[in-house]
Amino acid sequence: MTPEFVRRMSAPLPRYTSYPTAQQFTPRVGKFEYAKSLQNLSPATVLSLYIHIPFCSELCWYCGCSTKAVKSREPIRAYLDTLKIEMTKVAAFLQAPRVTHLHWGGGTPNILTASEIGELAKTVRNLFTISPSAEFAVEIDPRSFSSDQAEAFADAGVNRISVGVQDFDPAVQKAINRVQSFEVTERAVSSIRAAGIAAINIDLVYGLPHQTRQSVERTVAEVIRLEPDRIALFGYAHLPSRAKHQSLIDESVLPDAVERFAQSRRAERLLEAAGYIAIGLDHFAKPEDPLSSIRVRRNFQGYTADEAEVLLGFGASAISKLPEGYF
């Protein structure tokens, strides 16, 4: 592909996971429509659950997720109480709710203490019937991850953890307000495996300030050393008008469209050379990972092996997908 072609095709678009896009949600579809759709579900319906934890200790400037920085435990405790009420009300509309897939995202789910992790997991299991073979995935920030949390997630039934990395280059990390060494990340991965959680994902981002093909290559090489089962390679979306904290990033040091494309292609070649299989637009998986061998689906977390017919989202900004539509 020529540089001219890459520039021409590099118009900004909503991420493929964002369907419907945020602009398409309106107050015309509300709680009454949602309740009716829940009541219409067959007792045989298989469910997937998503729980959103919208808190972080501090904001990463590149982030476009629905989250906020908190300095005390009070907002988190209040949120967990409200989350329990929401899940209880939704579960009351369902008949024999059977769950085959769970995902906790954020924000930073490991902003919860070990006891809060156990408490939230207990609430879910009291309200829903979790299949013994269910995949239970959680996103974590390794900078604030402890062995106690690893044990709490394992006790809760978590069997897959997604570790945020983005990039290991110090200049890039400073520019996005996310300083995270390889050693910190390696320690988190080791504690996850020591707790008995075998499946590990790692998230990377290209197109970040000061990022180059060479820095991406170094990051990918270090990630491969950690031997994750899946790797997500996302392109950074610079939208300071939507995410105000992105305005703290110096736009003059963002790579242009041609460099961004070259970064993604180099990372893809390195991952495939290491034995990972490319899945869709931006995921890579080991050959033995389920994502490599079954029909791949898409949800709001990206590509997934989740085959549930219905996705129920809980918490701020969480989206539910039912036969009648999205809520």
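Computed from a prediction, not measured in an experiment: that's the story for all the values here.

**Q** Looking at this model, I keep getting lost on the overall build of the chain. Mind explaining?
**A** Tallying secondary structure elements over the chain gives nine helices and 15 strands in all. Over its C-alpha trace the chain gives a radius of gyration of 20 Å, about what one expects of a compact globule, namely 20 Å for 327 residues. Seen through its principal axes, the chain has C-alpha atoms that stretch 55 × 45 × 45 Å. The buried share of the chain, taken over its 327 residues, is 49%. A separation threshold of at least 6 residues defines the contact pool for the chain, and within that pool the share at least 24 residues apart is 76%. Element-wise, carbon and sulfur atoms account for 54% of the exposed surface of the chain, whose accessible area totals about 15,900 Å². Put simply, the chain has 36 plus and 36 minus side-chain charges, and the middle of one group is 5 Å from the middle of the other.

**Q** I tried to follow helix α7 (residues 182-194) on my own but got confused; where do I start?
**A** Counted at 1.5 Å a residue, the expected span for α7 with its 13 residues is 18 Å, and the 18 Å between its end C-alpha atoms agrees. Turning to α7, its buried residues are F182, T185, A188, V189, S191 and I192. Directly beyond the C-terminal end of α7, a positive phi value near 95 degrees is found at G196.

**Q** Please explain the packing of aromatic side chains as it appears in this structure.
**A** Each aromatic ring pair is specified by the distance between its two centres and by the angle formed by the two planes. One pass over the structure, following the stated rule, counts seven aromatic pairs. An aromatic cluster is defined as three or more aromatic residues linked by ring pairs; in this entry it consists of W104, F136, F145 and F153.

**Q** Any chance you could explain the pairing of strand β4 (residues 98-106) here in plain terms?
**A** In regular strands, side chains alternate between the two faces of the sheet. Of all nine residues in β4, seven are buried; the element is thus mostly enclosed. In this structure, strand β1 (residues 46-53) lies alongside β4, joined through eight bridges in parallel fashion. Along β4, the bridge assignment pairs S48 with H101. Both β4 and strand β5 (residues 129-140) contribute to a ladder of six bridges, which runs parallel. Bridging from a neighbouring strand, H101 pairs with E135 of β5. The handedness of the β4 to β5 crossover, carried by helix α4 (residues 114-127), is right-handed.

**Q** How do you make sense of the pattern of salt bridges when you look at a structure like this?
**A** Close approach of charged atoms allows side chains with opposite charge to pair. Counted according to the given criterion, the structure contains 14 salt bridges. Here D289 and R160 are joined by a salt bridge, their closest N and O atoms 3.1 Å apart. Here the residue D289 occupies a position in the loop between β10 (283-285) and β11 (297-299), and R160 occupies one in strand β6 (residues 160-166), the gap between them amounting to 129 residues. Each member of the pair, D289 together with R160, is buried. For R218, the salt bridge identified is with D169, shortest N-O distance 3.1 Å.

**Q** Help me understand the packing of α4 against helix α5 (residues 147-156) in this model?
**A** Two quantities define a packed helix pair, namely the angle between the helix axes and the distance between the axes. Running from amino to carboxyl end, α4 crosses α5 at an angle of 10 degrees, the nearest separation of the two axes being 9 Å. When the axis of α4 is compared with that of α5, the two are roughly parallel. The segment α4 lies against α5, with A114, I117, A121 and R125 engaging D148, Q149, A152, F153 and A156. Split by residue class, the contact of α4 with α5 holds six nonpolar, one polar and two charged.

Reading the values: rules and limits
Residues numbered from 1 in each chain as written. Predicted model: local features only at pLDDT ≥ 70, side-chain atom pairs only at ≥ 80, totals over all residues. Heavy atoms only, no water. Helix = DSSP H or I, 4+ residues; strand = E, 2+ residues; numbered from the N terminus. Rg over C-alpha atoms; globule rule 2.2 N^0.38 Å. Buried < 20%, exposed > 50% of the residue type's maximum accessible area, 1.4 Å probe, protein only. Contact = heavy atoms within 4.5 Å. Areas by Shrake-Rupley, 256 points an atom, 1.4 Å probe, with all protein chains shown as cover. Lys, Arg positive; Asp, Glu negative; His and termini not counted. Charge placed at Lys NZ, Arg CZ, Asp CG, Glu CD. Expected span 1.5 Å × (residues − 1). Phe/Tyr/Trp six-rings, centres within 6.5 Å; stacked < 30°, edge-to-face > 60°. Pairing = 2+ DSSP bridges. Right-handed = clockwise from strand over helix to strand, strands pointing away. Salt bridge = Lys/Arg side-chain N within 4 Å of Asp/Glu carboxyl O. Axes fitted to C-alpha atoms, helices over the stretch in contact; angles between N-to-C directions. Parallel < 35°, antiparallel > 145°, perpendicular 65-115°, else oblique. Nonpolar A, V, L, I, M, F, W, Y, C, P; charged D, E, K, R; others polar.

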